[in-house]
Amino acid sequence: MTTLVQTLVSGILVGGLYGLFSSGLTLIFGITRVINFAHGDFVTLGMYGAVLLFASLGLSPLIGIIPVAILSFLIGAIVYRVIVRRTLSVKGISAIDAQHGQLVLTLAVSILISNLLLMFFGPSPRAVQGVLPAVYEVFGVYIQQARLVSFLIALVVFLLLYIALQRTLYGKAIRATVDDRDMASMVGIDPNKVYAVSFSVGIMLTGIAGCVLATYYPVTPTTGAGFLIIAFVTVVMGGLGNIVGAFVAGLLVGIIQQVTAIYVAVDLQDVGLFLAFVLVLVLRPQGILSGRKASA
Amino acid sequence: MAASTEPLLRVEGLTVRFGGLVAVNDVNFTVAEGELLGIIGPNGAGKTTTFNAVAGAVRPTSGTIRIGDALVSGRPPERVARLGIARTFQSVRLFKAMSVAENVTLSASTVCPSMGASRERAAEVAELLGMQALQDSRVDELPLADQKRVEIARALALRPRLLLLDEMMSGLNQAETRDLIGVITTLNSDGLTTIVIEHVLRVIMELSHRVLVLDHGVMIAEGPPREVMSDPRVVEAYLGRSAAANLGEPA
Amino acid sequence: MTALGKLLRSTGGLGTVVLVLVASLPLWFIQSSFVLSVATLTLIFMAASLGWNVISGFGGQISFGHSIFFGLGAYTTALLQVRYHLNAYVGVVLGVVVAVVLAVLLGAVTLRLRGIYFSLATFALTLVFAILTGHYEGFTGGEVGLTLPLLGDAPGQFSFDNKVVFYWIATLLAALAFVATWLVLRSRLGLQLRAIQADQEAAQASGVLAFRVKLVGLAISAVPAALAGSVYMQYVAFIDPDSAFGATVATQIAVIAFVGGAGKLWGPVIGAVILVPLQQLLNSSLSAYPAGFNLVVYALVVLVILWIEPRGIMSMRIRRRTPRPPARDAAPPGDSVPDPRPVDAVSATPSVPTSRNGS
């Protein structure tokens, strides 16, 4: 029983971070229809950001969130401007060809980022050590301080995002675009601006998730590959473009992973996840696929 | 038109619900062999849903649709097409990167035994519609009026028993509309049973032998065009809601 | 001159010229074993990517899981020899059978999904294969991988001392894959796949049995990938889960085709000729640079090519002096291969840097 509770707690705590970077992906995916194959590497970048700030300036990742967020936003804006916009501006290109182009281009960005990191930091794991070292025990269940705090930060950032989407003008424009792109542009929302902002915000959330994840998760240049597929799984489970769905699904994914790891085998933790993913795709395609044309 | 004893298409108790919305409610009608039936109604009346149900693109919640003895309802669109019900789309949906000949050959290939036979069938249809000169053009480089003809050609290549035309006239000017009406009338007088959905009432009046009026998913009138248009319920359905725009708009 | 031009412009003519050229390379161009191995790997991955082109390029169902078929070909060939001491050729044949069966089973589930959901599902599935292969090490050799026994020169066992033989086998494989995709493209299946790619609903309204067509397309497309895996296995004599089913192979097969031009007959050919040598070259010659540099260069090359033309090299237009020829070259009616300009694309090849793959 204690093992089960421990498993669930671990799953939820890491799942909050999955939820955060997945809500970034779903924001990008739902609005710009870009399948961002570099998403996992933006998590990695956030993690290296935290490691670097800590190692050079002694800055705690909890404060490092701010510079990492700003930088991630800027990188997102650049990637959007240079790469995504390019595929849309080629003369005579169809929506599907543009999407496929984005897919391969972001894949190349992924290879680029992970190997630049390899060049500069080498293959060995880096970590932020000694921040939030405490371990709490509650009724026989152990909770690491770093995991708990990271989860809480993820939750707060996610809630801020949610409120921003509900209350601010940009948020409303973004939601209007998710609901009906044609209608949105008819009422005077500039889709290009909305795309650029949502892409950048999506990357920013991802960077933040990476930054706090670094408090307990060692990073290597290839760490992002695992997060990429987790983010895809989460986004699909949560429903395309559904921010709240992505966060909730993130928790679920964390739990599925932990349960498989504890009760089946550690190295099979992703198999359980991927099979659950394919099952969701197959059993609920209409629920997941509805309201989607450009990617059909 | 000499209506044969057995109707070609028989729609009975057709109801389509999307979630809580009843798009089509208990609609019954038949289409005789060789007939040209018009379906009209204000926006949201359920015209396109009815049409999609006949084409197999929408699954009826209840009711049956038959062509001859074969059951249409419940079958996927590709099977319905092979039963002889061919359609066009409201907004042209051709295979963009392909030539005119390829577009038509494609649909011929689903009913012909070989590629050779499919190409012959496509050439036949092209000749019928006077499009031989366009055969090698890419469809996305054609003017809209020609694209609509290609859509008709693609449907005809299936050797349909019933042709469904969804708002063919939208976006066309007067002369193009006239041309297309000519094409549809000719095909029909050669014996092709046709159902036409149209926004432009003038076109329906000119084309149809019989008109069916939908409003809010319910069939409110049916009969020869002149009679139907003087039916007070029809006038109210149109003038009550979408007002003069629908009546006045030329094309 | 015009007769030659016409010959070169027809796919068959150009294909024959290219085949003769490629087959004769070891006689006059390939002088070192390194170049020979690069060329052999290029042809092997070209074949896999040509297979990919059938379902993903023509049919528009972008697979990030063709590594499943590549890996099944490789592992079936290897396991039958290592575990059951069967002849390698039996393994090659069974590898194809296993891959096709899996293609049908996985396709039955995943081909109901549209667009990118299919891509994501295939990607997840190939990673599942990679993890499972690593996990059941008693049978598969696990993460350590499998090594073929050294047989020396035993043609009856698909083992040759002279590596040129593998080169010619790879040439034959790529040529067969090319001819197969060419035939698919000209067939009813090809036309229907292209229609599904353009607009599945409209294709269905025209009577195309979309699901069945995609399933057949996927099964056909698995064959060259599986054969490529088998030949790779016999040639390299070593396989591990990552180089069979991993994300690198999965994306590599697709990226080759995308860079050359997905859906174009010559796309995978051009893509492989550029990317595979590029990567091999970078892997070997840049050891003076820090690890990762090779893939940075590789990624930049892919980025630049697709930034210039997101649809790949085959869609690049070489600017013509005349605005546009009034009519396109008289092709025999019905022989409508969608891309009438293979000559331009091939002549463009040498001017573009170079390549990737292998690992």
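All values derive from a computational prediction rather than experimental measurement. (Residues numbered from 1 in each chain as written. Chains lettered and ligands numbered in written order. Predicted model: local features only at pLDDT ≥ 70, side-chain atom pairs only at ≥ 80, totals over all residues.)

Asker: Is there a simple way to think about the overall build of chain B in this case?
Answerer: From N to C terminus, chain B includes 9 helices and 10 strands. For chain B, the C-alpha radius of gyration of 18 Å lies close to 18 Å, the compact-globule estimate for 251 residues. Taken along its principal axes, the extent of the C-alpha atoms in chain B is 50 × 40 × 40 Å. Residue burial in chain B is summarised as follows: out of 251 residues, 47% are buried. Across chain B, contacts joining residues at least 24 apart in sequence account for 65% of those joining residues at least 6 apart. (Helix = DSSP H or I, 4+ residues; strand = E, 2+ residues; numbered from the N terminus. Rg over C-alpha atoms; globule rule 2.2 N^0.38 Å. Buried ≥ 20, exposed ≤ 12 C-beta atoms within 10 Å, placed from the backbone. Contact = placed C-beta atoms within 7 Å.)

Asker: Would you explain the overall build of chain C in this entry?
Answerer: Each helix and strand counted, chain C has 16 helices and 2 strands in total. Every one of the 359 residues in chain C was classed for burial, and the buried ones make up 57%. Taking the intrachain contacts of chain C between residues at least 6 apart in sequence as the baseline, contacts between residues at least 24 apart amount to 78%.

Asker: I would appreciate a short explanation of the domain arrangement of chain B in the present structure.
Answerer: In many analyses, interface size is given as the accessible surface area lost on bringing the parts together. Residues and elements named next belong to chain B. One can read the domain layout of chain B as domain 1 (1-84 + 163-251) and domain 2 (97-159). Each of domain 1 and domain 2 has a C-alpha centre, and the two are 25 Å apart. In this complex, domain 1 contributes 9 residues to the contact, which on the side of domain 2 involves 9 residues. Class assignment for the residues of the side of domain 1 that touches domain 2 results in 6 nonpolar, 1 polar and 2 charged. (Domains from an automatic or database assignment. Nonpolar A, V, L, I, M, F, W, Y, C, P; charged D, E, K, R; others polar.)

Asker: What is the right way to read the interface of chain A and chain C from this model?
Answerer: The interface of chain A with chain C comprises 40 residues on the first partner and 40 residues on the second. Those elements that place two or more of their residues in the side of chain A that touches chain C are α3 (61-89), α4 (95-121), α9 (223-238), α11 (269-283) and α12 (285-289) of chain A. Sorting elements by how many residues they give to the side of chain A that touches chain C places α4(A) first, with 15 residues.

Asker: Just to check I follow, could you spell out the nonpolar core for this structure?
Answerer: What tends to happen in soluble globular proteins is that the nonpolar side chains get buried as a cluster. Counting residues in each nonpolar core, the largest one holds 292 residues, and the members touching the most others are A108(A), I208(A), I85(B), I44(C), A47(C), A124(C) and A228(C). Here the element with the most residues in this core is helix α11 (residues 210-236) of chain C; it accounts for 15 residues. Discounting residues that sit within four places of it in the chain, A108(A) has contacts with A299(C), V302(C), L303(C) and L306(C). (Core = buried A, V, L, I, M, F, W, Y, C linked by C-beta atoms within 7 Å.)

Asker: Can you walk me through the environment of N28(B) in this structure?
Answerer: Residues and elements named next belong to chain B. With respect to the helices and strands, N28 occurs in strand β2 (residues 21-31). Here N28 falls in the exposed class, since 12 other C-beta atoms lie within 10 Å of it. The sequence separation of N28 and L156 amounts to 128 residues, and the corresponding C-alpha distance is 26 Å. For N28, the contacting residues outside a window of four places in its chain are V11, E12 and G13.

Asker: What am I meant to see in the pairing of strand β2 (residues 141-144) of chain A here?
Answerer: Along a regular strand, successive side chains alternate from one face of the sheet to the other. All names here are of chain A. The pairing of strand β1 (residues 135-138) with β2 spans 4 bridges and is classified as antiparallel. The residue bridging Y136 from the neighbouring strand is I143, located in β2. Between β1 and β2, which pair antiparallel and follow one another directly, the connecting turn spans 2 residues, one of which, F139, has a positive phi of 50 degrees. (Pairing = 2+ DSSP bridges.)

Asker: What should I look at first to understand the UniProt feature "transmembrane region" (unreviewed entry) in chain C in this one?
Answerer: All names here are of chain C. Under the feature "transmembrane region" (unreviewed entry), the UniProt entry names residues 12-30, 36-55, 62-82, 88-109, 116-136, 165-185, 215-237 and 288-308. Taken end to end, residues 36-55 comprises 100% helix and 0% strand; its first and last C-alpha atoms sit 30 Å apart. The span residues 165-185 is 100% helical and 0% strand by assignment, and the distance between its end C-alpha atoms comes to 30 Å. (UniProt positions renumbered as here; feature names shortened; annotations may be inferred.)

Asker: What am I meant to see in the confidence of the model for chain B here?
Answerer: The predicted model of chain B has a mean per-residue pLDDT of 89, with 93% of residues at 70 or higher. Segment residues 247-251 of chain B is flagged for pLDDT under 50; beyond a separation of four residues in sequence, or across chains, it makes 10 contacts in the model. (pLDDT = per-residue confidence, 0-100.)

Asker: I tried to follow the sheet that holds strand β10 (residues 218-223) of chain B on my own but got confused; where do I start?
Answerer: Where strands meet in a sheet, backbone hydrogen bonds hold them as pairs that are either parallel or antiparallel. Residues and elements named next belong to chain B. Strand order in the open sheet formed by 6 strands is β6-β7-β8-β3-β9-β10, with mixed pairing between adjacent strands. Looking at the sheet topology across the chains shown, the edges are occupied by β6 (85-87) and β10. Direction aside, neighbouring strands of the sheet carry axes that sit 20 degrees apart on average. Pairing of strand β9 (residues 210-215) with β10, which is carried by 5 bridges, proceeds in the antiparallel orientation. Bridge pairing in β10 places V211 opposite G223. Sitting on the sheet, helix α1 (residues 47-55) touches β3 (36-40), β6, β7 (162-166), β8 (193-197) and β9, and the angle it makes with β7 is about 150 degrees. (Axes fitted to C-alpha atoms, helices over the stretch in contact; angles between N-to-C directions.)

Asker: How should the interface of chain C and chain B be read in this particular structure?
Answerer: Between chain C and chain B, the residue contacts involve 19 residues of the former and 25 residues of the latter. Breaking the side of chain C that touches chain B down by element, the ones donating at least two residues are α9 (188-198) and α10 (200-205) of chain C. Top contributing element to the side of chain C that touches chain B by residue count: α9(C), with 6 residues. Residues belonging to the side of chain C that touches chain B are distributed by class as follows: 9 nonpolar, 7 polar and 3 charged.

Asker: Is there a simple way to think about the packing of helix α3 (residues 100-109) of chain B against α9(C) in this case?
Answerer: Between two packed helices, what matters for the description is the angle formed by their axes and the separation of those axes. Put simply, α3(B) and α9(C) touch, their axes get as near as 10 Å, and they point 115 degrees apart. Regarding the angle of α3(B) to α9(C), the classification is roughly perpendicular. For the element pair α3(B) and α9(C), the recorded crossing hand is left-handed. Where α3(B) approaches α9(C), its residues E102(B), T105(B), L106(B) and S109(B) are matched on the opposing element by R188(C), L191(C), Q192(C) and A195(C). (Parallel < 35°, antiparallel > 145°, perpendicular 65-115°, else oblique. Left-handed = near helix turned anticlockwise from the far one by under 90°.)

Asker: Teacher, can you tell me more about the pairing of strand β4 (residues 62-67) of chain B here?
Answerer: All names here are of chain B. Here strand β1 (residues 9-18) pairs with β4 via 5 bridges, running antiparallel. By the bridge assignment for β4, E12 is matched with T64. As paired elements, β4 and strand β5 (residues 70-71) share 2 bridges and run antiparallel to each other. Residue pairing in the sheet places R66 in a bridge with L71 of β5. As consecutive antiparallel partners, β4 and β5 are separated by 2 residues, and within that stretch G68 has a phi angle of approximately 60 degrees, a positive value.

Asker: Would you mind showing me how to read α11(C) here?
Answerer: Each full turn of the α-helix corresponds to 3.6 residues, which orients residues three or four apart in the same direction. Residues and elements named next belong to chain C. Relative to the 39 Å expected for 27 residues at 1.5 Å per residue, α11 spans 39 Å between its end C-alpha atoms, a close match to the ideal helical length. Along α11, 22 of the 27 residues are buried, which leaves the element largely enclosed by surrounding structure. Two residues or fewer past α11, A237 is found with a positive phi of approximately 65 degrees. (Expected span 1.5 Å × (residues − 1).)

Asker: Any chance you could explain the packing of α11(A) against helix α6 (residues 115-135) of chain C here in plain terms?
Answerer: It is the contact of α11(A) with α6(C), at a shortest axis distance of 9 Å, that shows an interaxial angle of 150 degrees. It follows that α11(A) is roughly antiparallel to α6(C) by the angle criterion. Here α11(A) runs over α6(C); the crossing is left-handed. On the side of α11(A), the interface is formed by D270(A), V271(A), F274(A), L275(A), F277(A), V278(A) and L281(A), while α6(C) contributes Y117(C), A121(C), A124(C), L125(C), L127(C), V128(C), I131(C) and L132(C). Its residues assigned to classes, the contact of α11(A) with α6(C) shows 14 nonpolar, no polar and 1 charged.

Asker: Could you clarify how one ought to interpret unusual backbone geometry in this entry?
Answerer: Note: most peptide bonds trans; most residues except glycine with negative phi. The phi angle at D26(B) is positive, at roughly 50 degrees, despite the residue not being glycine. You can see D26(B) is positioned in strand β2. For D26(B), a count of 14 C-beta atoms within 10 Å translates into the label partly exposed. In this structure, A237(C) takes a positive phi of about 65 degrees despite not being glycine. Following the sequence through the fold, A237(C) ends up in the loop between α11 and β2 (238-239).

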